[in-house]
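# Reading the structure
The residues making up each chain are set out below.
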Amino acid sequence: MKKFSVVIAGGGSTFTPGIVRMLVENLGRFPLERLYLYDNDGERQAILGEAIEIMLSEEAPDIDFAYTTDPKKAFTGMDFCMAHIRVGKYAMRELDEKIPLKHDLIGQETCGPGGMAYGMRSIGGMMELIDLMEQYAPECWMLNYSNPAAIVAEACRVLRPDSKVLNICDMPVGTLRRMSQILGTTPDQLEVDYFGLNHFGWWTSIRGKDGTDYTEQVKAYVKENGYLNQVEIDTQHTDPSWQETHKKAKDLFAVEPRFLPNTYLQYYLFPEDMVAHSNPEYTRANEVMGGREKEVFDTARRIIANGTAKENGFHIDSHASFIVDLARAIAFNTHERMIMIVENNGAIANFPDDAMVEVPCIVGSKGPEPIAQGKIPNFEQALMFQQVTSEKLLVEGFIEGSYQKVWQAFTLSRTIPTATKAREVLDDLIVANGDFWPELK
Ligand code: NAD
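Below or above, wherever it landed, is the structure these notes cover. Quick caveat: nothing in here was measured; it's all calculated off a predicted structure.

## Notes on the overall build of the chain
Scanning the chain from terminus to terminus reveals 17 helices and 12 strands. Radius of gyration (C-alpha) of the chain: 21 Å, near the 22 Å computed for a compact globule of 441 residues. Counting only residues that meet the buried cut, the chain has 60% of its 441 residues in that class. For the chain, restricting intrachain contacts to residue pairs at least 6 apart in sequence, the fraction spanning at least 24 positions comes to 71%. When the accessible area of the chain is evaluated, it comes to approximately 17,300 Å², of which 49% is carbon and sulfur surface. Where the 43 positive side-chain charges of the chain centre and where its 63 negative ones centre are 1 Å apart.

## Details of helix α17 (residues 419–433)
For α17, built from 15 residues, the straight-helix expectation of 21 Å at 1.5 Å per residue is met to within 8% by its first-to-last C-alpha distance of 21 Å. For α17, the secondary structure elements touched by its buried residues are α4 (89–102), α5 (112–136) and α16 (403–412). Directly after α17, the chain includes G434, whose backbone phi takes a positive value near 45°.

## Let's talk about the environment of G174
Position of G174 relative to the elements: it lies in helix α7 (residues 171–183). Note on G174: relative accessible area 4%, which makes it buried. Sequence-wise, G174 and G367 are 193 residues apart; in three dimensions their C-alpha atoms are separated by 22 Å.

## As for the site of the ligand
As a matter of local geometry, the ligand sits amid 28 residues, with S13, D39, Y90, Y118 and D170 nearest to it. Contacts to the ligand include R86, whose side-chain N or O atom sits 2.8 Å from an oxygen atom. Contacts to the ligand include Y145, whose backbone N or O atom sits 3.1 Å from a nitrogen atom. For the ligand, the accessible surface in isolation is 860 Å², of which the surrounding protein chains cover 97%. Broken down by secondary-structure element, the contributors of at least two residues to the shell around the ligand are α4 and α5. Broken down by class, the residue content of the shell around the ligand amounts to 9 nonpolar, 10 polar and 9 charged.

Definitions and limits used
Residues numbered from 1 in each chain as written. Predicted model: local features only at pLDDT ≥ 70, side-chain atom pairs only at ≥ 80, totals over all residues. Heavy atoms only, no water. Helix = DSSP H or I, 4+ residues; strand = E, 2+ residues; numbered from the N terminus. Rg over C-alpha atoms; globule rule 2.2 N^0.38 Å. Buried < 20%, exposed > 50% of the residue type's maximum accessible area, 1.4 Å probe, protein only. Contact = heavy atoms within 4.5 Å. Areas by Shrake-Rupley, 256 points an atom, 1.4 Å probe, with all protein chains shown as cover. Lys, Arg positive; Asp, Glu negative; His and termini not counted. Charge placed at Lys NZ, Arg CZ, Asp CG, Glu CD. Expected span 1.5 Å × (residues − 1). Near = heavy atom within 4 Å. Polar contact = N/O pair within 3.5 Å; in protein donor to acceptor, adjacent residues only side chain to side chain. Nonpolar A, V, L, I, M, F, W, Y, C, P; charged D, E, K, R; others polar.

Here it is, written out as structure tokens:
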């Protein structure tokens, strides 16, 4: 079997060890020749790099492993780039969350004003990464997890339409796992229909691989409990703020009982509840810095100090599994069914062709082929059109350096009630983001 070469961009990410673990556990299905980490923060990456080097020397010594800040070394000859960068890191995420909250607006990583601020930072970093990949590895595919995925995907569509970049999100996979626990089965036994935008969609059907329809059973559960269950599924989605989110799906379901909601809709349908439940002094960024980030880097330091990863090593999370399955689908033309972010082109019949939508796709060596989801109801169509137009205006505003368009993008977000509020929070975010954003005139 061919062995593959993979570079993980954003090598210093808290998700890197989980992805490496998943790759190691799947060597039988996806053999590796080379595995390199690339980051523009060498110091941060080196902590994880050194620990992963120890782990691999014990578990998979045949893999050529390195970590580097040199793009030529990182990308040359690679088959896949698994990207998960965070431009501005957690320091800027904290501001994305806390500045909007000062204005009584949603303070969140990917939704609302904070998400748009993050989007304005991510576009430049992502285009830089794509260009490096194409310069040093023209055949390479980029599997991109970097957020905010909806805005990044729209920017890729406009700025790099021919690039081999697939933008993906682990949220539908994570929720499917919860649904499978509700049903007492596993995600690989289920097949779904879904439509929406990234972090803005609905499941219309949940079926067993044998065709049994479980949709009503899951709906009955979500009507009472949301997606909350007692099973510890991973570390990423069991923090207290995530538990609240799983519970809130009950309220989302009450608004639209025909379908099963993506939990991120809580920010658009119940923004005042979300603000009321936020602590402006301690947001999700603080929770992650004191939780997942601390745990991952503490584990890395412990591995380095002990000189071994055999006990108390890194573990796999749900984020990691999807990206390996996707790489396999492309490498081996498996035609696996996966939810992906793609240009609509008729997949949702009554929605613009040039919208980046999230729908089930058949993935093979040509990339994703969307599965038609038919027409969607007016309620969802209207919500999605408002949201996608906001995302498109933001990307246009970034490209043209247009204050007007970015202000309009903020004004269109359902998380911001008035143009006045939109302007106030935008002006604060411009100051906070400084050179991370293009100059807006
Ligand atoms: P993190 O801050 O721990 O790591 C991000 C790394 O990216 C840092 O080491 C940073 O130095 C590096 N980086 C920033 N800009 C770069 C550039 N231009 N080139 C190379 N490296 C660069 O962040 P994290 O919490 O581990 O998250 C990483 C990314 O994954 C984020 O974008 C996050 O939103 C995303 N994420 C996506 C999903 C999804 O399903 N789509 C799920 C979870 C996290």
